[in-house]
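Inside the fold
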Amino acid sequence: MFPENLPPVITWILFCVSVLLVLYGGVRLTRSGDMIAEKTGIDKAWIGLVIISIATTLPELVTSISSICLVKEPDLAAGNCFGSMAFNLLLLTFMDLFGNRRLARGEINRGLLLSAGLFLFLLLIIQFSMFSLRFHWLPHLSIGQVDISSLFIIVVYFLATRLIFTYGREDVSFSEPIVDELSYADYTLRRSLLLYLMAAFCVLVGGVLLAKTANTIAIDTGIGQTFIGSTVVGMTTSLPEMVVAFTAVRMGALEMVLGNVLGANLFNLIIVALCDMLYPQSVLLTAIDLNHSVTIILVMLMTIVVLLGHFFPPRKKMLSLGWDSLSLFFLYGVGVTLLYKLKI
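Residues numbered from 1 in each chain as written. Predicted model: local features only at pLDDT ≥ 70, side-chain atom pairs only at ≥ 80, totals over all residues. Heavy atoms only, no water.

Thoughts on the overall build of the protein chain
In terms of regular secondary structure, the protein chain is built from 15 helices and two strands. Across the 344 residues that make up the protein chain, the buried fraction comes to 55%. Once local pairs closer than 6 in sequence are excluded, the contacts in the protein chain between residues at least 24 apart make up 86%. Carbon and sulfur atoms make up 69% of the accessible area of the protein chain, which amounts to about 15,300 Å² in all. (Helix = DSSP H or I, 4+ residues; strand = E, 2+ residues; numbered from the N terminus. Buried < 20%, exposed > 50% of the residue type's maximum accessible area, 1.4 Å probe, protein only. Contact = heavy atoms within 4.5 Å. Areas by Shrake-Rupley, 256 points an atom, 1.4 Å probe, with all protein chains shown as cover.)

Quick look at helix H14 (residues 292–311)
Given a rise of 1.5 Å per residue, 20 residues ought to cover 28 Å, and the 29 Å separating the end C-alpha atoms of H14 matches this to within 8%. Taken across its 20 residues, H14 has 14 buried, putting it largely inside the fold. (Expected span 1.5 Å × (residues − 1).)

Points about the packing of aromatic side chains
Under the counting rule described, the total for this entry stands at five aromatic pairs. Measuring from centroid to centroid gives 6.0 Å for Phe-121 and Phe-152, while their planes differ by 75°, and the two rings are edge-to-face. Placement of the pair is Phe-121 in helix H6 (residues 110–135) and Phe-152 in helix H7 (residues 148–170), with a sequence separation of 31 residues. Judged by relative accessible area, which is 34%, Phe-152 ranks as partly exposed. Site record: aromatic cluster; members linked through ring pairs are Tyr-157, Phe-158 and Phe-267. (Phe/Tyr/Trp six-rings, centres within 6.5 Å; stacked < 30°, edge-to-face > 60°.)

Considerations on a nonpolar patch on the surface
Where nonpolar side chains cluster on the molecular surface, the patch consists of Ile-297, Leu-301, Ile-304, Leu-308, Phe-311, Phe-312 and Trp-323 and spans about 630 Å² of accessible area. In this structure, Leu-308 sits in helix H14. The exposure class of Leu-308 is partly exposed, given its relative accessible area of 37%. (Patch = residues over 30% accessible without salt bridge, like charges linked within 9 Å, V, L, I, M, F, W, Y side chains within 5 Å. Salt bridge = Lys/Arg side-chain N within 4 Å of Asp/Glu carboxyl O.)

Some details on the state of the cysteines
The full count for this structure, using the stated rule, is zero disulfides. The closest cysteine sulfur to the non-disulfide-bonded Cys-275 is located on Cys-81, 5.4 Å from its own sulfur. Relative accessible area serves as the criterion here: at 1%, Cys-275 is assigned to the buried category. (Disulfide = S-S within 2.5 Å.)

Regarding the nonpolar core
Judged by nonpolar contacts, the single largest core of 77 residues is most densely connected at Leu-29 and Met-302. At 14 residues, the largest contribution of residues to this core is made by helix H12 (residues 254–278). (Core = buried A, V, L, I, M, F, W, Y, C linked by side-chain atoms within 4.5 Å.)

Some points on the environment of Ile-164
Assignment of secondary structure puts Ile-164 in helix H7. A residue is classified by how much of its surface remains accessible, and Ile-164, at 0% relative accessible area, is buried. Once the C-alpha coordinates of Ile-164 and Arg-110 are considered, the two residues, 54 residues apart in sequence, prove to be 7.5 Å apart.

Examining the side chain of Ser-132
With respect to the helices, strands and loops of the structure, Ser-132 is situated in helix H6. Residue classification places Ser-132 among the buried positions, given a relative accessible area of 7%. Not counting the four nearest positions on each side in its chain, Ser-132 is found in contact with Trp-137 and Leu-138.

What about helix H4 (residues 74–90)?
The end-to-end C-alpha distance of H4 is 25 Å, a good match for the 24 Å that 17 residues give at a rise of 1.5 Å each. Taking burial as the measure, the 17 residues of H4 include 17 buried ones, the bulk of the element.

Quick word on the packing of H6 against H12
Where H6 contacts H12, the two axes come as close as 11 Å, and the packing angle between them is 25°. Relative to H12, the element H6 lies roughly parallel. Like other packed secondary-structure pairs, H6 and H12 cross with a definite hand, here left-handed. Packed against H6, whose contacting residues are Leu-112, Ser-115, Ala-116, Phe-119, Leu-122, Leu-123 and Ile-126, the element H12 presents Glu-255, Leu-258, Gly-259, Leu-262, Asn-265, Leu-266 and Leu-269 at the interface. Here the residues of the contact of H6 with H12 are counted per class, giving ten nonpolar, three polar and one charged. (Axes fitted to C-alpha atoms, helices over the stretch in contact; angles between N-to-C directions. Parallel < 35°, antiparallel > 145°, perpendicular 65-115°, else oblique. Left-handed = near helix turned anticlockwise from the far one by under 90°. Nonpolar A, V, L, I, M, F, W, Y, C, P; charged D, E, K, R; others polar.)

Looking at the confidence of the model for the protein chain
A low pLDDT score tells you not to read the predicted coordinates there in detail. Residues with a pLDDT of 70 or more make up 81% of the protein chain, whose mean pLDDT is 77. Per-element confidence in the protein chain is highest for H14, whose mean pLDDT is 90, and lowest for helix H8 (residues 178–181), whose mean pLDDT is 43. (pLDDT = per-residue confidence, 0-100.)

Printed below as a string of structure tokens:
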């Protein structure tokens, strides 16, 4: 458990150490994921969606579970998950900012697009459930204190991973040309997996420490927990995804970037479901502030922009950004500003 009442200087030193751990682990995580994809022949979209995204989402998992079980703050837990989703989608702008090209229509695993649709559907269910439970629009379906939507999220997550794996095997032509240029002949699959576990451990330790120190620094400002969870903690726990996205873009593994972002967001929904199961007082969606709807709607709009950007790719760019990347920046800025104005 993170010690309380540390001197500000020590807190900042720990914060910097955690950033270095996440940076190191994130780079190694991307490389080891690429090795595993090469050694096993598994599609990179599936590697990004499952293998890498689970590792990069460990800080969100630990932070949210701690918020529920230790400090009994459901708003901080939910804000962390929803805020991380929005920031993860913003990372897709790295394809424009640091990449030399964008994914064409035929290069994207169809399972990724279907999973994005399932992700939107789950967000709609969460949004509807929040209001339905408060205003009794429909009879409440639950198993004990666990809302039925939480169980549905878990089922859909495994369906999404299955879709990615299935389409990745069928559409081998979707593999990116850069993969043929990468060679890890000196690395065995066993060594690649060991490097992955070591990198995941660095990300876990650094990410948890990062979230704790950032939360300590942020609370001193007196801003509301929903804002802290959705912005400061959400951003800091998403730093592993940011490092992976930057490294993968520089490597040319663009489908891995998209898979990691979408996989991390789907896994964040799993974390919401787990928090619901572990929260002892009531159904989680009835305990959190309705103003979380701002972040949920923001994530939905940003996901729609990402899908539209695939089907209607930008022909011109402004400041090296296509219309979809500019829209993501605009939506995220509006969402954060609104949360700050609400100060919830």
